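The primary structure of each chain is shown beneath.
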Amino acid sequence: MVLTPPMDALAPPIPPGPVTAPEPVRIDYVPRDGLGKLTLVNALLTIVTLTIYRFWAKTNVRKHIWSCVHVNGEPLEYTGRGMELFKGFLVVLGVFILPVVVISTVLQLTFGPEHPALVIFQLVIFLLISVFWGMALYRARRYQLSRTLWRGIRGTMTGSPWMFSLIYFGALILRSLTLGWSTPAMNLNIQERMIGEMRFGSMPFRFKGRAGPLYGQYAICWFLSLAAIIGLIVIGVMLAMSAGDAIWQFFAELSLGSLRNALILFGLVFAAILLFSLAQGLLWSFYIAKELSVFAGYTTFGDGRFRFDATPGSLVALAIGNFLITILTLGFGLPFVQQRLVRYLCDRVTVDGMVNLDAIAQSRQPVDRAGEGLADAFDVGGI
Amino acid sequence: MISSEATFFDGEIAFDRKVTAWLDGADIIIAGDMAERRWPLAGLIAIERPASGRSLRLTHETAQATRLVLPAGPFLDAVVAATPHLKGGVTLHGTLRTVAPWAAVIAGLAAILYVFLSFAPDKLAYVMPESWRKRLGDTTLAALTGEAKQCLNPQGTAALAALEKRLAGDTAKPDEFDLRVYNIPIVNAFALPGGTIVVTGALIDKAKTPEEVAGVVAHEMGHVSYRHAEAGAIRVFGLQALIAAFTGGNDYLTEFGAVLTILRFTRAAEREADAFALDLMAKRAIDPLGLKRFFESLGKDTPLSKGVFGQIEGMVSTHPGLDERIGIIKPLPAGVTPRPVLSETDWQALRKICG
C-alpha cells in the first residue's frame, strides 16, 4: 500500500517571505453605490433573454456584494463567470431536466394521464431530487468558495458531495420519522461537514461540539408549536360552532357558485395561513437564533473562534423585511434580499482570538470548471 | 519620477506586501517586502472598471493569481492614462469577447426553437404510434367538447356515416377518420389527433346543402391526412419542455390553452388542407361550389370580415383570408359531372342529428 501524504505536503515550499505574526480578525460590510442600477439592468435583460441572462445577473450581483465584505480592511473578490454557471445549467438540462420531461411525456402518451406508471415515475423523480438536494447545496458552496478571493487566496471544500448528500437525505428521513426531534443532532452532523470541510487556502475551518445544549430550547419550541396548532384548531372549531347554522348556509351558497362566499373563504384561509406561518416563525426564531450562535461557537479558524450574535427579534425582522422586498418587487429585488442577509452576517459575526492570516498559503485543490447546475435547477444554494 | 505606495498579493500566501510601484518606460515596477515584479503595461488587467477617487485592483496576464492594489492618486491616474485598455471602452478584441458568446447563445436558442417547434413536430407527427395518436385524440376531445353532448340520433348517424364513406371512399383504412357531431353552439369544425373530426351542430344547421358540409369535412380530412393536429400537440410538448428547461420549473400550460394551441394550425397548414379538400372533391365528383357558397354565407354574417377589420382579421388569424379561400375554389374540371353527396332523405336526417 502506498501512503499518500496529505494535500499540503505536496505543495511547493512557501517562497521565503517576511516574518508573519497572528492578528485579530475583523469583518465589516462596507456598502457601495450601484446595486439598484445593477438590479434594474439585470431584471430587464433577464426578461428580454427569456431568463437565460440570470446566470450573468447572479454573477454581477455576487461581484458587488462580495466586494462590500471587508476582512481586516481587504475586500473579498468574486472571480466566477456567468458562462460557468450557464455551462453547469446546460449539463443539468441535458442529464436531468430534458430526460425527465421527455420520459414523463412518453409515459403520459403511452398509458394516459392517471396511470400508476406515471405516478411511480413522479415518485422516483421526487426521491431523486431529495437525494441530490444535499449534493446541490454542497457543490454550490464549493463553487462559490473556489471563486472567492481574499488577499489573492481562494477557498475550497475538501469533502465528498456524495457523502454529504447521503447525510442530508438521512437527516430528511429521520426528521419525519422522529417528528422533528432528530433536527438538532442531524443539523450538527450537517454543519460538521459543511463547515468542517471548508478551507481558506491552506487553513481549515474546524467544527466540533455536541448537540446536547440545543435540546432545551428545541423542546420548548416544539411543545409551544404543538400548543399553537391545537389552539388554532380549537379556535377554528369554536368559531364554527358559535356561527351555528350560518356556516351551513355559507357553504350551501358556496356550492351554488356564490363568488362573494368564495372570496371570503379564500381570504379566511389566506389569513389563517399567514397568521400561522407568522406564529411559527416567531416561535422557531428562538431555536434558530440559539442554533446559529451555538454552531458559530463550535467553529474555529486557526486560533480564532467565531461568535454569532443572532437574536430572535433581529432574525424575525430580517425575514419579514426580506419577505416584503421579495413580494413587492415580484422577486426582482433579490439582490437587496441577499445584501441584507450578508450584511446581517457581517454585522453580527465576530472572531475571538488571533489568527496568523499572513501565513495562509494558496489552496492546491482542483477547481470546478462549471458551477451550480443542480442548485440552479432546485433553486437552492444561498446567494 | 512619480511613484506610489501599493499593496501586493503574490497569489501564493495571504501576506499583504507593502510595496512601492513606479513606471519605467512601458513597464510598471513593483518592489518591496521581498517582492519584485516588472510587468509590461500592455498586459495589465483591471479587476474592476477604474473610477476616479477609488483605488484600483489590478492583475497581469502573465500572473493572474496576483493582485496589485493601487490607492487613488496621481500615480494611479498616470497608470490609467498610460494604459488606455484598463478603462474598457470599445476595442475589437473586447467587443468580440462580449459579442461572440452572446451570438452563440442566440444562434443556439434559434436552432433549439426551430428544431423543437417546427422541424421535429412535422417529422415526428408521421412516426407517432397509432395508440399515442388515439390517446392524444381522446384527451383533446374531452377538453374540447367539455360538457357538450355528442349528437347520436340513429337516422342522422347513419347519414353521417354515408357522408364519411362518400368522401373517404373505399380506399381509406376503416379507422382513418372518425366523424362526429357535437351539440356545440358555434359554427366550426375541428380535426383532432388520431383522425377524429368534430363538426358542430350549429355548422350543420347553418349549411343549406350537403355539399357545404362535405366541403368542410374534406378540409378537416386534409388536416388529418397531413397529421397537423399531431404536429400541433408535439409542438405544445416541445414548448412545455422548453419553458420547463429555461425557467428550471414546471410552468406547464393549462390544459385548455394547450388544446387551443394544438388546434390552431399555421396558415401553410390551412392552405394544405384546402388544396387537399379541393383535390378530394374533384376525385369524388362533389360540387366544390357548395363550399364556396358556405364561405360566402359566412362572410355575409360576420361583420368583422368586412372592411378594415376584416383585413386586419385576415392578417392575424391563422386561416387564410376568406376572400383568398373563396378565390381558389374553382368548379369541377370539364367532363366530371357532380354526383349528389347525400340523398334528400339522408340530408334531412343529418340535419336532425342533434334533435
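Since the structure is predicted, the reported quantities are computational estimates derived from the model, not experimental observations.

1. Focus on the overall build of chain A
Turning to step 1, where the next piece is worked out: A count of helices and strands for chain A gives twelve helices and 13 strands.
Turning to step 2, where the next piece is worked out: Overall size of chain A, expressed as C-alpha extent along the three principal axes, is 85 × 55 × 50 Å.
Turning to step 3, where the next piece is worked out: Split into buried and exposed, the 383 residues of chain A put 43% on the buried side.
Turning to step 4, where the next piece is worked out: Summed over its atoms, the accessible surface of chain A is roughly 20800 Å², and 72% of this surface lies on carbon and sulfur atoms.
Turning to step 5, where the next piece is worked out: Mean positive and mean negative side-chain charge positions of chain A (30 and 22 charges, respectively) differ by 4 Å.

2. Brief notes about the overall build of chain B
Turning to step 1, where the next piece is worked out: The secondary structure content of chain B amounts to 13 helices and ten strands.
Turning to step 2, where the next piece is worked out: Scored against the burial criterion, the 355 residues of chain B give a buried share of 43%.
Turning to step 3, where the next piece is worked out: Within chain B, contacts between residues separated by at least 24 positions form 61% of all contacts whose residues are at least 6 apart in sequence.
Turning to step 4, where the next piece is worked out: Here chain B displays about 17900 Å² of accessible surface, and carbon together with sulfur accounts for 61% of that area.

3. Focus on the nonpolar core
Side chains of a nonpolar character, in soluble globular proteins, are inclined to be buried together.
Turning to step 1, where the next piece is worked out: Core analysis: the largest hydrophobic core is formed by 81 residues, its most contacted members being Phe301 and Ile360 of chain A.
Turning to step 2, where the next piece is worked out: It is helix α3 (residues 82–111) of chain A that provides the largest number of residues to this core, a total of ten residues.
Turning to step 3, where the next piece is worked out: Not counting residues within four places of it along the chain, the set of residues in contact with Ile360 of chain A comprises Ile153, Phe200, Gly201, Ser202, Met203 and Phe301 of chain A together with Glu12, Ile13 and Ala14 of chain B.
Turning to step 4, where the next piece is worked out: In terms of nonpolar packing, the next biggest core, distinct from the first, is built from 38 residues, Leu160, Val181, Ile204 and Leu342 of chain B among them.

4. Description of the pattern of salt bridges
Oppositely charged side chains can pair when the atoms bearing their charge come close.
Residue and element names in this part refer to chain B.
Turning to step 1, where the next piece is worked out: Within this structure, the stated rule accounts for 21 salt bridges over all chains.
Turning to step 2, where the next piece is worked out: Between Arg38 and Asp27 there is a salt bridge, and its shortest N-O distance comes to 2.7 Å. Taken together, the residues Arg38 in strand β4 (residues 35–40) and Asp27 in strand β3 (residues 27–32) connect sequence positions eleven residues apart.
Turning to step 3, where the next piece is worked out: Arg235 is the partner of Asp122 in a salt bridge, and the nearest nitrogen-oxygen pair spans 3.2 Å. Here the residue Asp122 occupies a position in helix α2 (residues 92–127), and Arg235 occupies one in helix α7 (residues 228–247), the gap between them amounting to 113 residues.

5. Focus on the pairing of strand β9 (residues 203–207) of chain A
All names here are of chain A.
Turning to step 1, where the next piece is worked out: In terms of burial, β9 is a largely internal element, four of the five residues being buried.
Turning to step 2, where the next piece is worked out: Where strand β8 (residues 198–200) meets β9, two bridges bridge the pair, whose relative direction is antiparallel. Considered in β9, the bridge of Phe200 is made with Met203.
Turning to step 3, where the next piece is worked out: Remark: two residues form the turn of the hairpin made by β8 and β9, two consecutive strands paired antiparallel; Gly201 in that turn has positive phi of roughly 60°.
Turning to step 4, where the next piece is worked out: Relative to strand β10 (residues 299–301), β9 runs antiparallel, the two being bridged by three bridges. Looking at β10, one finds that Arg206 is bridged to Thr300.

6. With respect to the interface of chain A and chain B
In many analyses, interface size is given as the accessible surface area lost on bringing the parts together.
Turning to step 1, where the next piece is worked out: Contact residues are listed per partner, giving 45 residues for chain A and 33 residues for chain B.
Turning to step 2, where the next piece is worked out: Of the roughly 3300 Å² buried at the junction of chain A and chain B (both faces included), carbon and sulfur atoms supply 64%.
Turning to step 3, where the next piece is worked out: Taken together, chain A and chain B are joined by six salt bridges.
Turning to step 4, where the next piece is worked out: Here Glu77 of chain A makes a salt bridge to Arg67 of chain B, at a shortest N to O gap of 2.7 Å.
Turning to step 5, where the next piece is worked out: The interface formed by chain A and chain B contains nine residue pairs in polar contact (both at pLDDT 80 or more).
Turning to step 6, where the next piece is worked out: Put simply, the parts of the chain that give the side of chain A that touches chain B at least two residues each are α2 (54–68), β4 (74–75), α3 and β6 (148–150) of chain A.
Turning to step 7, where the next piece is worked out: With twelve residues, the top contributor of residues to the side of chain A that touches chain B is α3 of chain A.
Turning to step 8, where the next piece is worked out: Taken together, the residues of the side of chain A that touches chain B break down into 25 nonpolar, twelve polar and eight charged.

7. Remarks on the side chain of Glu270 of chain B
All names here are of chain B.
Turning to step 1, where the next piece is worked out: Take Glu270: it is sitting in helix α9 (residues 267–283).
Turning to step 2, where the next piece is worked out: With a relative accessible area of 2%, Glu270 lands in the buried category.
Turning to step 3, where the next piece is worked out: At 3.1 Å, the side chain of Glu270 and the side chain of His223 are in polar contact.

8. Thoughts on a nonpolar patch on the surface
Residues and elements named next belong to chain A.
Turning to step 1, where the next piece is worked out: Side chains of Phe266, Phe270, Leu274, Leu278, Leu282, Ile320, Phe323, Leu324, Ile327 and Leu328 sit close together on the surface and give an oily, nonpolar patch of about 1000 Å² of accessible area.
Turning to step 2, where the next piece is worked out: Within the residue set of the nonpolar patch, elements represented by two or more residues are α9 (259–298) and α10 (312–328).
Turning to step 3, where the next piece is worked out: Summarising the element assignment, Leu282 is placed in helix α9.
Turning to step 4, where the next piece is worked out: Taking relative accessible area as the criterion, Leu282 reaches 43% and is therefore assigned partly exposed.

9. Points about the packing of aromatic side chains
Residues and elements named next belong to chain A.
Turning to step 1, where the next piece is worked out: Following the criterion strictly, the structure yields 29 aromatic pairs over all chains and no others.
Turning to step 2, where the next piece is worked out: Ring centres 5.1 Å apart and planes at 35° place the aromatic pair Phe55 and Phe89 in the tilted group. Placement of the pair is Phe55 in helix α2 and Phe89 in helix α3, with a sequence separation of 34 residues. As far as the burial class goes, Phe55 and Phe89 line up, both buried.
Turning to step 3, where the next piece is worked out: For the ring pair Trp222 and Phe223, a centre distance of 5.2 Å and an interplane angle of 85° mean the geometry is edge-to-face.
Turning to step 4, where the next piece is worked out: According to the relative accessible area criterion, Trp222 is buried, its value standing at 18%.

10. Here we look at the sheet that holds strand β9 (residues 189–191) of chain B
Residues and elements named next belong to chain B.
Turning to step 1, where the next piece is worked out: Taken in spatial order, the three strands line up as β8-β10-β9 in an open sheet, and their pairing is mixed. Unpaired on one side and paired on the other, β8 (178–182) and β9 mark the two borders of the sheet. Here the average twist between neighbouring strands, direction ignored, is 15°.
Turning to step 2, where the next piece is worked out: Inspection of the sheet shows β8 paired to strand β10 (residues 196–200) by five bridges, in the parallel sense.

11. A look at the sheet that holds strand β2 (residues 27–29) of chain A
Residues and elements named next belong to chain A.
Turning to step 1, where the next piece is worked out: Sheet architecture is open: three strands sit in the order β2-β3-β4, paired in antiparallel fashion. Whereas interior strands pair on both sides, the edge strands pair on one side only; in this sheet they are β2 and β4.
Turning to step 2, where the next piece is worked out: In the sheet, β2 pairs with strand β3 (residues 69–71) via three bridges, with the strands oriented antiparallel. Paired with Ile27 across the strands is Val71, a residue of β3.
Turning to step 3, where the next piece is worked out: The sheet contacts of α2 involve β2, β3 and β4, and relative to β3 the element is tilted by about 40°.
Turning to step 4, where the next piece is worked out: Most of the contacts of helix α11 (residues 334–348) go to β2, to which it runs at about 145°, and overall it touches β2 and β3.

12. Some details on the state of the cysteines
Turning to step 1, where the next piece is worked out: This model, assessed by the stated rule, comprises one disulfide over all chains.
Turning to step 2, where the next piece is worked out: Note on cysteine connectivity: Cys151 of chain B is disulfide-linked to Cys354 of chain B, with sulfurs 2.0 Å apart. Residues Cys151 of chain B and Cys354 of chain B are joined by a disulfide whose S-S torsion is about 90°; by sign, that bridge is right-handed. Within this pair, whereas Cys151 of chain B is found in the loop between α3 (130–145) and α4 (154–168), its partner Cys354 of chain B is found in the segment after α13 (344–351), the two being separated by 203 residues in sequence.
Turning to step 3, where the next piece is worked out: Judged by its relative accessible area of 29%, Cys354 of chain B falls in the partly exposed class.
Turning to step 4, where the next piece is worked out: Here Cys346 of chain A stays free of any disulfide, with the sulfur of Cys68 of chain A as its closest cysteine sulfur at 9.1 Å.

Criteria and cut-off values
- Residues numbered from 1 in each chain as written.
- Chains lettered and ligands numbered in written order.
- Predicted model: local features only at pLDDT ≥ 70, side-chain atom pairs only at ≥ 80, totals over all residues.
- Heavy atoms only, no water.
- Helix = DSSP H or I, 4+ residues; strand = E, 2+ residues; numbered from the N terminus.
- Buried < 20%, exposed > 50% of the residue type's maximum accessible area, 1.4 Å probe, protein only.
- Areas by Shrake-Rupley, 256 points an atom, 1.4 Å probe, with all protein chains shown as cover.
- Lys, Arg positive; Asp, Glu negative; His and termini not counted.
- Charge placed at Lys NZ, Arg CZ, Asp CG, Glu CD.
- Contact = heavy atoms within 4.5 Å.
- Core = buried A, V, L, I, M, F, W, Y, C linked by side-chain atoms within 4.5 Å.
- Salt bridge = Lys/Arg side-chain N within 4 Å of Asp/Glu carboxyl O.
- Pairing = 2+ DSSP bridges.
- Buried area = accessible area lost by both parts, 1.4 Å probe.
- Polar contact = N/O pair within 3.5 Å; in protein donor to acceptor, adjacent residues only side chain to side chain.
- Nonpolar A, V, L, I, M, F, W, Y, C, P; charged D, E, K, R; others polar.
- Patch = residues over 30% accessible without salt bridge, like charges linked within 9 Å, V, L, I, M, F, W, Y side chains within 5 Å.
- Phe/Tyr/Trp six-rings, centres within 6.5 Å; stacked < 30°, edge-to-face > 60°.
- Axes fitted to C-alpha atoms, helices over the stretch in contact; angles between N-to-C directions.
- Disulfide = S-S within 2.5 Å.

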